[in-house]
Amino acid sequence: MPLHTNITQIELVDILLQSKLLIPGFSKAYGFFYHPVNKEISVNFITEDEDKIQELKIENSELRETIQQLRRNKSSIEWVEESQLPFERSSNFQIQREVFDEYRNYVLLLRISEGADQNRDLLYLFFKPDASNFGLKSADNKLSTEHKSIIATLIHRSLLLFQEQRRQLIKEREQFRADFGQLTEQFQTLSRENNISHQRLQGQIGQYIIELLQKEATKMGFHLQMSLEASSFIQQYQGSISSIPNAAKQAVQMAQRTQRPSEGSLLKMEDFLLKIHFSEQIPPINIGLESIADSRFIKTIQLLNRLENAAKKVQSEGKSLSGTNIGLAMDVPISAPAISDALRKHQKKIQNLCIEYPQEWTLIKKSFKPIQNVLIA
């Protein structure tokens with residue numbers, strides 16, 4: 001079974017680089033591939049002493065035909081003697097010959113794909129003739145036929161896995177870009193048509209972020225638990241849509257590193273983890289209060305905003321503005337005692353903010369008893 005069909009030159013370069021990292025005793029590697037634009041066979045090669053891939057052209061017509069014959073062969077794996085390699089005798093490759101004269105019978109040929117001309121491209125891997133490189137010990141320190149068969153199979157399967165992972169990563173990246181393109185286009189359309197309010201749009205973005213966080217946590221084997229502060233923080237996001245996935249991934253990874261939960265357990269997402277990756281895009285406070293620069297008031301402002309929004313929702317439903325009803329109407333429902341406890345902790349800051357900004361939070365100041373009690377305390 002060859003490596004995947006229709007391999008590109010970029011993939012071949014990656015396979016050559018991966019071969020150098022993968023194979024103990026690596027000496028050099030050649031990749032022969034059919035160039036779909038030039039309509040000819042080209043060669044990439046790398047040595048143990050070089051990190052860069054070099055490219056050669058085959059000028060000799062006889063050598064080109066020999067390579068084509070090798071590409072038509074149906075065998076996926078072969079061990080060949082260096083004396084049997086047609087390109088080692090070619091003037092195109094003489095600059096490399098002296099270094100490898102000592103390596104005989106340790107050349108692995110993998111037919112790695114079907115090229116653009118439907119023939120399979122070739123990968124030649126050269127080894128140093130020392131069995132100890134593979135953790136093997138023998139009297140003459142040579143690789144036996146059985147050893148070679150096992151090594152060839154492992155290398156072939158490892159390169160198959162590498163290429164599959166590479167293609168899967170590219171596929172996921174392309175799907176991610178397509179998703180973001182559609183999402184961005186949808187948001188732009190909705191904004192142009194003015195069919196949704198700013199508050200609803202923010203809610204959709206916030207939900208999108210939460211879903212990405214949950215997806216990343218699930219992928220790592222955890223159940224995500226959002227704190228109240230984290231959920232509130234996310235609902236304020238007004239930054240670039242395209243930057244959300246990476247920020248979400250980094251936030252979940254940091255949570256895992258700092259908490260180190262066991263697989264399948266809860267991974268708690270706190271607001272301070274999100275601020276590290278999202279804070280540059282999120283305004284610290286709601287529109288209309290940008291002039292407040294003291295970060296000590298941010299959580300108090302967020303609390304008052306949530307209570308005000310919940311009170312408006314309760315009032316629109318014709319219900320009384322009780323602690324229980326307002327608590328249930330909040331974006332993340334909480335109990336009436338929890339509201340009282342939060343107000344008690346923020347009492348001084350609430351008093352200062354209501355004095356400095358009398359035009360804000362008018363409904364709860366007028367009709368919500370727990371706030372009134374705080375203001376007269």
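Cut-off values and rules
- Residues numbered from 1 in each chain as written.
- Predicted model: local features only at pLDDT ≥ 70, side-chain atom pairs only at ≥ 80, totals over all residues.
- Heavy atoms only, no water.
- Phe/Tyr/Trp six-rings, centres within 6.5 Å; stacked < 30°, edge-to-face > 60°.
- Helix = DSSP H or I, 4+ residues; strand = E, 2+ residues; numbered from the N terminus.
- Buried < 20%, exposed > 50% of the residue type's maximum accessible area, 1.4 Å probe, protein only.
- Lys NZ or Arg CZ within 6 Å of the ring centre and 35° of its normal.

Regarding the packing of aromatic side chains
In the structure shown here, the tally under the stated rule is 4 aromatic pairs. Judged by centre distance (5.8 Å) and plane angle (65°), the rings of Y30 and F126 are edge-to-face. With Y30 in strand β1 (residues 26-35) and F126 in strand β6 (residues 120-127), this residue pair connects regions lying 96 residues apart in the sequence. Summarising the burial analysis for this pair, Y30 and F126 share the class buried. With 5.7 Å between their ring centres and 85° between their planes, Y237 and F278 make a pair best called edge-to-face. Linking Y237 in the loop between α6 (228-234) and α7 (244-259) with F278 in helix α8 (residues 271-278), this pair joins segments that are 41 residues apart in sequence. Taken as a pair, Y237 and F278 share a single burial class, namely buried. Cluster of aromatic residues (ring-pair linked, three or more members): Y30, F32, Y124 and F126. A cation sits over an aromatic face here: K28 above F126, 4.4 Å from the ring centre.

Overview of unusual backbone geometry
Peptide bonds are mostly trans, and most non-glycine residues show a negative phi. Residues other than glycine seldom take positive phi values, yet R260 does so here, at roughly 45°. Its location among the elements puts R260 in the loop between α7 and β8 (266-269). On the accessibility criterion, R260 (65% relative accessible area) is exposed. Despite not being glycine, W361 shows a phi value in the positive range, around 55°. Classification of W361 by relative accessible area gives buried; the value is 3%.

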